[in-house]
Amino acid sequence: MRFVLPKGRLFKPSVELLRKAGIELSLPEGRALTSKDGKVSIARALDVPVYVEHGIDVGIAGSDVVEERGSDVFIPLELPFGKCRLSVALPSDKRVEPEGMDGYRVATKFPQIARRYFSERGIDVELIKLHGSVELAVKTGIADAIVDIVETGKTLRANGLVEVGKIMNISALLLVNRVSQKVKFEEINELVMTIRGVIDEA
Ligand code: PRP
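Keep in mind the model is a prediction, meaning the values are calculated, not measured.

Rules behind the numbers
Residues numbered from 1 in each chain as written. Predicted model: local features only at pLDDT ≥ 70, side-chain atom pairs only at ≥ 80, totals over all residues. Heavy atoms only, no water. Pairing = 2+ DSSP bridges. Helix = DSSP H or I, 4+ residues; strand = E, 2+ residues; numbered from the N terminus. Axes fitted to C-alpha atoms, helices over the stretch in contact; angles between N-to-C directions. Contact = heavy atoms within 4.5 Å. Core = buried A, V, L, I, M, F, W, Y, C linked by side-chain atoms within 4.5 Å. Buried < 20%, exposed > 50% of the residue type's maximum accessible area, 1.4 Å probe, protein only. Domains from an automatic or database assignment. Near = heavy atom within 4 Å. Areas by Shrake-Rupley, 256 points an atom, 1.4 Å probe, with all protein chains shown as cover. Nonpolar A, V, L, I, M, F, W, Y, C, P; charged D, E, K, R; others polar.

### Concerning the sheet that holds strand 9 (residues 161-170)
Move 1: Spatially, 7-6-8-5-9 is the arrangement adopted by the five strands of the open sheet, whose pairing is mixed. A single partner strand is all that each edge strand has here, and the edge strands are strand 7 (126-129) and strand 9. Geometrically, the sheet is characterised by an average inter-axis angle of 25° between neighbouring strands, direction not taken into account.
Move 2: Inspection of the sheet shows strand 5 (residues 84-91) paired to strand 9 by eight bridges, in the antiparallel sense. Within strand 9, the residue paired with Ala89 across the bridge is Glu163.
Move 3: Helix 4 (residues 111-120) rests against strand 5, strand 6 (105-108), strand 7, strand 8 (145-150) and strand 9 of the sheet, and its axis sits at about 105° to strand 9.

Pasting the structure below:
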């Protein structure tokens, strides 16, 4: 079985969980992106669902990125880490509800989710796609508001922003390629049961 794990905050808990489930993971070394045995690759978090959709057997990614990429993958388990939320935020001294944001420029790493959220509510915004440190867009004045991940809320506070609407709760998910799920059914099923056991024991 081949695994793809996300760079960043989900990496460590992902490795810990798989190791607890008895999987021997040798990780890529140095600048390599795949382990020597070819079993483990590390990708940008937003790309993990894409790798799983197109052929890697198993991956771990946040529900936010699965939704954003619209990837067709099988999701057998929600995992007990990566808990946070995707929210709309803007400067605390310019607080308005999302319904009052017509004509606003909104910066985000998640344009698909943001577009759906605002259009479902009939709010006309201009989205600016960024790749990270989205709070900076408001600080520098290139955007009026952001749609971004909130975990502790510290980053928002440190940048003078407040949440005005929650778009979705987020959790890490176990992703399985749809073909692998059929062709390697027993192996995958055993993996899922073992991981579930590890989660239930914790
Ligand atoms: C995420 C998110 C916020 C921050 C929220 O950024 O985009 O900036 O964490 O966490 P908090 O509520 O606990 O402060 P990340 O560090 O993943 O990097 P990025 O901004 O470059 O995407």
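### A word on the sheet that holds strand 3 (residues 58-62)
Move 1: Spatial ordering of the open sheet is given by 2-1-3-10-4, a layout of five strands whose pairing is mixed. The open sheet has two edge strands, strand 2 (40-43) and strand 4 (74-78), and neither has a second partner. When the angles between neighbouring strand axes are averaged without regard to direction, this sheet yields 30°.
Move 2: Pairing analysis gives three bridges linking strand 4 to strand 10 (residues 172-176), with the strands arranged antiparallel. Bridged to Glu78 within strand 10 is Leu173.
Move 3: Across the face of the sheet, helix 1 (residues 11-20) comes into contact with strand 1 (3-6), strand 2 and strand 3 while running at roughly 145° to strand 1.
Move 4: Here helix 8 (residues 185-201) sits on the sheet in contact with strand 1, strand 3, strand 4 and strand 10, set at roughly 20° to strand 4.

### Quick look at the nonpolar core
Move 1: Counting residues in hydrophobic clusters, the biggest one holds 31 residues, and the most contacted among them are Leu86, Val88, Met101, Val106, Phe118, Val147 and Leu175.
Move 2: Within the residue set of this core, elements represented by two or more residues are helix 2 (48-53), helix 3 (63-69), strand 5, helix 4, strand 8, strand 9 and strand 10.
Move 3: Each of domain 1 (3-82 + 171-201) and domain 2 (84-168) gives at least three residues to this core.
Move 4: Sequence-distant contacts of Met101, defined by excluding residues within four places in its chain, comprise Val88, Leu90, Val96, Val106, Phe118, Ile123, Asp124, Val125 and Ala145.
Move 5: Ranked by size, the runner-up nonpolar core spans 23 residues in total, among them Ala172, Leu174, Val176 and Leu191.

### Overview of the site of the ligand
Move 1: In the vicinity of the ligand lie 13 residues, with Lys109, Asp148, Thr152, Gly153 and Thr155 positioned nearest.
Move 2: When the ligand sits alone it has 490 Å² of accessible area, and the protein chains cover 75% of it.
Move 3: It is strand 8 that provides the largest number of residues to the shell around the ligand, a total of three residues.
Move 4: By residue class, the composition of the shell around the ligand is two nonpolar, five polar and six charged.

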